[in-house]
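Residue-level structural notes
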Amino acid sequence: MFRVAFRATRRAVLARPVYMIAATAFLAISALAFTQSAQAANSKYAGYVIDVKSGKVLYSENANSLRYPASLTKMMTLYMLFEELEAGRMSMSTRLSVSRHAAGQAPSKLGLKPGSTIAVKDAILALVTKSANDVAATIAENIGGTETKFARMMTDKAHAIGMSRTTFRNASGLPNSQQRTTAADMALLGRALQDRFPSYYKLFNTRVFQYGKARYGNHNKLLGRVTGVDGIKTGYTQASGFNLVTNVNTDGRHIVAVVMGGNTGASRDAEMRSLIKKYLPKAKSGRRETALVGVPASSSRVASLPASTSRNYVQLAETVPLPKAKTIEPAGTIDLASAIPALPQPAVETEEQPAMQLAKADAGELEVLPKAGLTTGSTLRSAITASVQEMPAPRPRLTTAALAIPPLPRAANDPVGDLSTHSAPIPMAAPVARESAPAGWQIQLSATPSLEAANEILDKVRADNKRMLKGRVNHTEAVEKGNTTLYRARFAGFPSKSAARDACAVLKKQKFACLALNPEL
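Notes on the structure in this doc start here. Just so it is clear, the model here is predicted, and its values are computed rather than measured.

Focus: the overall build of the chain
When its secondary structure is counted, the chain shows 14 helices and 14 strands. Taking as baseline every contact in the chain between residues at least 6 positions apart, the subset at least 24 positions apart corresponds to 69%. With an accessible surface of roughly 25,400 Å², the chain has 56% of that area assigned to carbon and sulfur atoms.

Right, dumping it as structure tokens:
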């Protein structure tokens, strides 16, 4: 009898791992199905991963469907500024003049004053970290004369690079129904920035930017947390959802990945981590086989590439195969954003964002090709190679070093997105930098141990009080108490003390703690 009981117990113990494995597999399949279902329910979603060394598209979902870029726009704004630096028309110390138009841009912003100036280097870092809209407009006006003209220049440059489905209407990414792009185009811009401006590109890895007494942490939470990630840019508006372009270069492999239309900042970052984990191992290792994006064939960097790589600069259609995208079909049906009427309208009041009447971008200049009967095949290669060798050498590039400063929390992810603000951790004894907080009265709801918890409170309160909080700005502020960092959850932009107190009275009835305060006092 004892032997029978022993055998039964032994069989049960041996069978337990089988049940555990089955349960683990079921949970994994359920999680995958949930992710695919969530993506299917999100009509804003687009994803794209490309292997930089081979040119192979590793992942593509809605990658050529039109999307709102939000602050990804600032990647092109910086591309245009880097061209000015490369051409010698500006330097890192050049002072950019701030107009009333630029100073009046909606947050996120540094709070520049009309008539003031800002150095080019500070302007670059303000866009990389704080994603400052007033600085973006300042850059636009100092290069293009007006932001409208600069937007046309941006569009022309985008088309010249190969971003055929992209149109810009402003330099910041603030809501405009005509400002559109695709995940594939944004990946191409991410590649062009590092190929064309390798020294300046390093600035996208900046973790924190100090301007005056204020310190601003980079919005990109993957920097310093995911191996190989060295940039590039985040973006958010209500219409766009949460966007992210990421460059990953590690262990001899190099990819650029794009996620657009995330429901939250956290879900967007989780999706990007998943794409990196899955597709980086599938990328090519070893020598790069693709052409440098946006780099003229006359560049000395092209001549230094291996012959197999240099040949890519003479793109003969009959000899160069195009990579095939691997499209992942999600469960359910997605309403593609390529149907323009289906795009959500920007969630900004018309009086805050006046409509801009822009002329259509001028057609890009066409390259003059050799006549059909003169040169073909190997003869064409020889002719182009000879002409390249006769071109003058490029000007030497100015080199700047990336800042190596420990990371700080990024700006709040909330329903206002790029219209939100976030102050970096400030010791209790240190003075509060006025530039880091919006003007006017504020209401504070809580001080939480994490930025995510503060954002959740703001999300819930806004969802329950949309009418009352219309036009108010989500604001989080980090303070250090000993070895602990707390995050204050606030709404800012109330015009008066009574308006702030009235809002608190409503929220207290909903069981929220609420305190009206004026940070200027």
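Some thoughts on the pattern of salt bridges
According to the stated counting rule, one finds eight salt bridges in the structure shown. One salt bridge in this structure joins E289 and K284, with 3.6 Å as the shortest N-O distance. Residue classification places E289 among the partly exposed positions, given a relative accessible area of 43%. A network of salt bridges, in which partner residues are shared, links E83, E86, K157 and R196.

Comments concerning the packing of helix α2 (residues 73-87) against helix α7 (residues 183-196)
Interhelical geometry of α2 versus α7 gives an angle of 25 degrees and a closest axis separation of 11 Å. As judged from the angle between their axes, α2 and α7 are roughly parallel. The chirality of how α2 crosses α7 is left-handed. When α2 is examined against α7, the residues M75, M76, Y79, F82, E83 and E86 are found in contact with a partner set consisting of M186, L189, G190, A192, L193 and R196. Residue composition of the contact of α2 with α7, grouped by class: eight nonpolar, one polar and three charged.

Details of helix α13 (residues 451-464)
Over its 14 residues, α13 extends 20 Å from the first C-alpha to the last, a length consistent with the 20 Å expected when each residue adds 1.5 Å. Every buried residue of α13 is accounted for by L451, A454, N455, L458, V461 and R462. Down the axis, α13 shows its buried residues gathered within 130 degrees of arc, on one side only. At the N-terminal end of α13, a side-chain oxygen is found 3.1 Å from the backbone nitrogen of A453, two or three residues along, and the residue is S450.

Side note on the packing of aromatic side chains
Applying the stated criterion to the full structure yields nine aromatic pairs. Ring pairs connect the aromatic residues Y79, F82, F197 and Y200, which therefore count as one cluster.

Focus: helix α4 (residues 120-130)
Across the eleven residues that make up α4, a large majority, nine, are buried. Two residues or fewer past α4, S131 is found with a positive phi of approximately 55 degrees.

Some points on the pairing of strand β1 (residues 46-51)
Across a regular strand the side chains alternate sides, sitting on one face of the sheet and then on the other. The element β1 is extensively covered by neighbouring structure, given that six of its six residues are classed as buried. Where burial is concerned, the two faces of β1 agree: the one with A46, Y48 and I50 and the one with G47, V49 and D51 are both buried. Pairing analysis gives six bridges linking β1 to strand β9 (residues 253-262), with the strands arranged antiparallel. Directly across from I50, in β9, lies its bridge partner V256. If you look at the hairpin formed by β1 and strand β2 (residues 57-61), you'll find five residues sitting between the two strands, and G55 has a positive phi there, around 80 degrees.

What counts and what doesn't
- Residues numbered from 1 in each chain as written.
- Predicted model: local features only at pLDDT ≥ 70, side-chain atom pairs only at ≥ 80, totals over all residues.
- Heavy atoms only, no water.
- Helix = DSSP H or I, 4+ residues; strand = E, 2+ residues; numbered from the N terminus.
- Contact = heavy atoms within 4.5 Å.
- Areas by Shrake-Rupley, 256 points an atom, 1.4 Å probe, with all protein chains shown as cover.
- Salt bridge = Lys/Arg side-chain N within 4 Å of Asp/Glu carboxyl O.
- Buried < 20%, exposed > 50% of the residue type's maximum accessible area, 1.4 Å probe, protein only.
- Axes fitted to C-alpha atoms, helices over the stretch in contact; angles between N-to-C directions.
- Parallel < 35°, antiparallel > 145°, perpendicular 65-115°, else oblique.
- Left-handed = near helix turned anticlockwise from the far one by under 90°.
- Nonpolar A, V, L, I, M, F, W, Y, C, P; charged D, E, K, R; others polar.
- Expected span 1.5 Å × (residues − 1).
- Arc of directions from axis to C-beta.
- Polar contact = N/O pair within 3.5 Å; in protein donor to acceptor, adjacent residues only side chain to side chain.
- Phe/Tyr/Trp six-rings, centres within 6.5 Å; stacked < 30°, edge-to-face > 60°.
- Pairing = 2+ DSSP bridges.

So far we have only geometry, and geometry alone does not tell us how the molecule works.
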